[in-house]
Amino acid sequence: MSRAFLNNGFHYIRDLYCVWDFRPRIKSRAYMMKMEIRPLLMCFALCVVYATSKPTEKKDRVHHDAPLSSKEHDDGTNFDYDHDAFLGEDEAKTFDDLTPEESKNRLGKIVEKIDADKDGFVTEAELKAWIKKAQKKYIYDNVERQWKDFDMNNDGMISWDEYKNVTYGTYLEDPESDDGYNYKQMMARDERRFKMADGNGDHIADKEEFTAFLHPEEYEHMKDIVVLETMEDIDKNGDGFINLEEYIGDMYNHEDEMDEPEWVATEREQFSEFRDKNKDGKMDKEETMDWILPADYDHAEAEAKHLVYESDTNKDGKLSKEEIINKYDLFVGSQATDFGEALVRHDEF
């Protein structure tokens with residue numbers, strides 16, 4: 001399978017596999033025997049997607065936060081949006097069959113987890129952090145699935161050597177093999193990212209550091225590496241910038257097309273009018289960051305403010321456990337589905 005094929009198929013399955021980049025992983029022989037079905041399935045998925053996708057579809061490198069809920073935010077009708085935002089859609093559903101008392105008890109335990117500094121109150125910042133974590137559950141689930149593959153000595157940590165040996169085992173055993181990939185360069189790129197994710201510099205990653213390694217776009221301190229890797233992918237002439245030709249060439253292959261689709265012309269205008277802010281004909285690091293990691297509206301922060309405003313009865317700017325439990329149906333669902341009665345309870349509180 002050629003690198004071009006992998007690159008063309010990458011952007012269609014990035015969200016499915018929850019990783020920023022899709023590169024071939026060169027496992028050790030023992031590991032390959034254990035995991036041989038996985039690459040076959042991934043290869044099949046790539047083949048299906050690539051074969052059925054239109055050649056004029058656009059590669060999208062821009063990272064946007066997903067909405068907190070697919071439901072409309074209308075507290076005058078129901079609190080479904082708030083439930084999804086606070087718990088994540090899948091977790092929110094698990095409350096629907098609970099009695100009000102069961103929901104309150106379970107919510108109380110969640111409140112204790114949200115209170116990070118254990119001072120007995122939930123601040124807006126703590127609530128925002130919780131909402132962001134709830135919304136990224138799919139990422140943490142993905143890390144959990146991969147963790148056991150790389151933690152070879154089962155010590156609860158993943159060292160760079162463990163990751164390197166599992167990922168590039170076959171290459172390390174036979175560095176002279178030539179199958180079209182520059183594994184030495186790929187390994188160096190992985191090590192650079194691993195070091196940036198490794199906050200204390202001990203070459204060993206805990207769960208949070210390994211999550212930052214696999215999903216750098218989700219971490220503020222990893223944004224520079226996301227930009228750097230993106231520019232290395234697109235910058236074909238190696239001048240450290242992205243010009244218009246490279247920008248268009250990354251998202252559109254015109255070899256088999258007689259006429260450019262309309263969106264290509266639109267992207268040319270986007271590059272000239274918005275991407276290239278200083279009008280020098282190319283994108284530098286800062287301009288590339290503004291493109292792929294835009295400063296979106298912070299939905300988690302807005303929801304945290306909303307929940308505090310609605311629940312903070314003494315208006316001290318933070319929530320006690322009692323205040324949250326009193327407004328439990330704003331945060332979580334239950335079998336009590338009479339929304340009119342719920343509104344009456346809120347008025348009474």
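Below is a summary of the structure that appears in this document. On a predicted model such as this, the values are computed, not experimentally measured, just so you know. (Residues numbered from 1 in each chain as written. Predicted model: local features only at pLDDT ≥ 70, side-chain atom pairs only at ≥ 80, totals over all residues. Heavy atoms only, no water.)

1. Topic: the packing of helix H13 (residues 244-251) against helix H14 (residues 262-275)
Packed helix pairs are specified by the crossing angle of their axes together with the interaxial distance, meaning the distance between the axes. Just so we agree on the cut-off: Lines fitted to C-alpha atoms define the axes, with helix axes restricted to the stretch in contact, and inter-axis angles between N-to-C directions lie between 0 and 180 degrees. Secondary structure is summarised from DSSP: a helix means a run of H or I of at least four residues, a strand means a run of E of at least two, and numbering begins at the N terminus for each. With respect to orientation, any angle under 35 degrees is reported as roughly parallel, any angle over 145 as roughly antiparallel, any angle of 65 to 115 as roughly perpendicular, and every other angle as oblique. Crossings are sorted by hand: turned counterclockwise from the far helix by less than a right angle, the near helix makes the crossing left-handed, and turned clockwise it makes it right-handed. Any two residues whose heavy atoms approach within 4.5 Å are treated as being in contact. Three classes are used, and their members are as follows: Ala, Val, Leu, Ile, Met, Phe, Trp, Tyr, Cys and Pro are nonpolar, Asp, Glu, Lys and Arg are charged, and the others, Gly among them, are polar.
Remark: H13 packs on H14, axes separated minimally by 10 Å, with the N-to-C direction vectors making an angle of 140°. With respect to each other, H13 and H14 are oriented oblique. In the packing of H13 onto H14, the handedness of the crossing is right-handed. Facing H13, whose interface residues are Leu-244, Tyr-247, Ile-248 and Met-251, H14 presents Trp-263, Val-264, Glu-267, Arg-268, Phe-271 and Arg-275. Grouping the amino acids of the contact of H13 with H14 by side-chain chemistry returns seven nonpolar, no polar and three charged.

2. As for the environment of Ala-205
Checked against the element boundaries, Ala-205 lands in strand S3 (residues 204-205). Sequence separation of Ala-205 and Ser-159 is 46 residues, and the distance between their C-alpha atoms is 5.9 Å. Among all residues touching Ala-205, those that are not within four sequence positions of it are Trp-147, Met-157, Ile-158, Phe-194 and Phe-210.

3. Quick notes on the pattern of salt bridges
Two side chains bearing opposite charge may form a pair once their charged atoms approach each other closely. Applied cut-off: Any Lys or Arg side-chain nitrogen found within 4 Å of a carboxyl oxygen on Asp or Glu counts as a salt bridge. Here's how the labels work: a residue is buried when its accessible area is under 20% of the maximum for its type, exposed when over 50%, partly exposed in between, all with a 1.4 Å probe on protein chains only.
Overall, the coordinates contain 25 salt bridges when judged by the stated rule. Asp-161 is the salt-bridge partner of Lys-164, the closest N and O atoms lying 3.6 Å from each other. Linking Lys-164 with Asp-161, this pair stays in helix H9 (residues 160-173), spanning three residues, or about one helical turn. Relative accessible area serves as the criterion here: at 21%, Lys-164 is assigned to the partly exposed category.

4. Observations regarding the nonpolar core
What counts is decided by this rule: Each nonpolar core is a collection of buried residues, namely Ala, Val, Leu, Ile, Met, Phe, Trp, Tyr and Cys, held together in the definition by side-chain atoms within 4.5 Å.
Within the largest apolar cluster, 40 residues are counted, with the highest numbers of intra-cluster contacts made by Tyr-163, Phe-210, Phe-213, Ile-242, Tyr-247 and Trp-291. Put simply, the parts of the chain that give this core at least two residues each are helix H8 (137-150), H9, helix H10 (183-197), helix H11 (207-214), helix H12 (223-234), H13, H14 and helix H15 (285-292). With sequence-adjacent residues up to four places away left out, Phe-213 is seen in contact with Tyr-163, Asp-190, Arg-193, Phe-194 and Ala-197.

5. Here we look at H14
Think of an α-helix as 3.6 residues a turn; residues three or four steps apart then line up on the same face. Stated formally: Expected span of a helix, by definition, is 1.5 Å for each gap between consecutive residues, and there is one gap fewer than residues.
Relative to the 20 Å expected for 14 residues at 1.5 Å per residue, H14 spans 18 Å between its end C-alpha atoms, a close match to the ideal helical length. Check the buried side of H14 and you find it contacts strand S4 (242-243), H13, strand S5 (282-283) and H15.

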